[in-house]
Amino acid sequence: MSLRDVVAARIPLDARHRVAQWRVEARVPTARWRPTPDLLIIGAQRSGTSTLYRHLGRHPDVAEPLRKEVEYFSRRYGRGEAWYRAHFALSSRRRAGRQRMAFEATPDYLFHPLAAERAADVVPDARLVVMLRDPVARAWSHYHHMVALGHEPLGFDAALDAEVERCAPDRTRLRDDPLHDPVALLRYSYQARGQYAGQLAAWIDRFGRDRLLVVRSEDFFVDPATTFRRITDHVGLRPWAPQTFVNVSRATRPGPGPVPAPSRDRLAPTYESSAAALGDLLGDDAPRWG
């Protein structure tokens, strides 16, 4: 864990949120001189986006935003483009004569039903990176993350049983009010988020296949250097890599352990049709899990 992480962990969450809000508001008057991102890391949640964000943000030709998950195209669209631009560095901010690339990483973008359309309106030329994890392991990790945050009182099987009922009101509300903040949908969509094919299709329809790089999360953690090089090549950055790769999530909180066999047996069949559709959509680039 970095010194910055240690210091941040000692500051109460409410205080950190107030400071972050103040920093954004202070930068809004200069928003016109702040470029929108060249790169969006769009998901999937609990698939390694925090680790990728941390290491990509250290690249000498990259400028980190004020926060990893800006959430503009998912939960904060009503705040306007000036608010969004306020999260990024001034266009004149250079290092060693190079213009630095702006990026952000909001894993809810892949899943949010309106995010792809919104992003295509604001950042139509952006490159996209999506990290996809075994959907069963992703659901298991997502559930334990919600438990750790105090949002989930149910057991895993009960939470899966309740998912459709919990998420339905937000889906309906979004059709009537596109600026609605779908908190329950984003919190409790354990199974639905793993249906990757339909979510990716929405982004490909608007950005084209060539702008999207699909990364299998397991490959990133087994061979981070090679996978990181694929990512920097895709977004047009010169080759660079950190001295060591650290799994940020594991460094701050131990993982939940392997998925119990009964839970895997329950979930795995629900992803069979989505896996086939993913193969049709991506061809040889489609991630596969045993």
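Above this text is the structure in question.
Report on the accompanying structure.

Conventions we followed
Residues numbered from 1 in each chain as written. Predicted model: local features only at pLDDT ≥ 70, side-chain atom pairs only at ≥ 80, totals over all residues. Heavy atoms only, no water. Axes fitted to C-alpha atoms, helices over the stretch in contact; angles between N-to-C directions. Helix = DSSP H or I, 4+ residues; strand = E, 2+ residues; numbered from the N terminus. Parallel < 35°, antiparallel > 145°, perpendicular 65-115°, else oblique. Left-handed = near helix turned anticlockwise from the far one by under 90°. Contact = heavy atoms within 4.5 Å. Nonpolar A, V, L, I, M, F, W, Y, C, P; charged D, E, K, R; others polar. Salt bridge = Lys/Arg side-chain N within 4 Å of Asp/Glu carboxyl O. Buried < 20%, exposed > 50% of the residue type's maximum accessible area, 1.4 Å probe, protein only. Phe/Tyr/Trp six-rings, centres within 6.5 Å; stacked < 30°, edge-to-face > 60°. Lys NZ or Arg CZ within 6 Å of the ring centre and 35° of its normal.

1. Section: the packing of helix H3 (residues 49-56) against helix H12 (residues 224-235)
Here H3 crosses H12 at 65 degrees, and the two axes come no closer than 12 Å. Taken together, the axes of H3 and H12 lie roughly perpendicular to each other. At the point where H3 passes H12, the crossing takes the right-handed sense. Taking contact as the criterion, the partners of Leu52, His55 and Leu56 in H3 are, on H12, Phe228, Ile231 and Thr232. Class assignment of the residues belonging to the contact of H3 with H12 gives a composition of four nonpolar, two polar and no charged.

2. Examining the pattern of salt bridges
Within the structure shown, the criterion is met by 17 salt bridges. In this structure, the salt-bridge partner of Arg58 is Glu64, at a minimum N-O distance of 3.6 Å. In this structure Arg58 comes out as partly exposed when scored by relative accessible area, which is 35%. Overall, Glu64 belongs to the partly exposed group, its relative accessible area being 24%. Note that Asp134 is salt-bridged to Arg264, the shortest N-O span being 3.0 Å. Pair noted here: Asp134 is in the loop between strand E6 (127-132) and helix H7 (135-148) and Arg264 is in helix H14 (residues 261-267), with a separation of 130 residues, a long-range link. Overlapping salt bridges, with partners in common, bring together Arg67, Glu71, Arg75, Arg76 and Asp181 in one network.

3. Some points on the packing of aromatic side chains
The geometry of an aromatic ring pair comes down to the distance between the two centres and the angle between the two planes. This structure, assessed with the given rule, holds 20 aromatic pairs. Plain terms: the ring middles of Tyr72 and Tyr77 are 5.0 Å apart, the flat faces sit at 45 degrees to each other, and that makes the pair tilted. According to the relative accessible area criterion, Tyr72 is buried, its value standing at 3%. An angle of 65 degrees between the planes, with centres 6.4 Å apart, marks the rings of Tyr188 and Tyr190 as edge-to-face. For the pair formed by Tyr188 and Tyr190, the shared burial category is buried. Grouping aromatic residues by their ring pairs yields a cluster made of Tyr72, Phe73, Tyr77, Trp83, Tyr84, Phe88 and Tyr109. One residue, Arg32, lies across the ring of Trp33, its end atom 5.2 Å from the ring centre. The ring of Tyr188 has Arg166 lying over it, and the distance from NZ or CZ to the ring centre is 3.8 Å.

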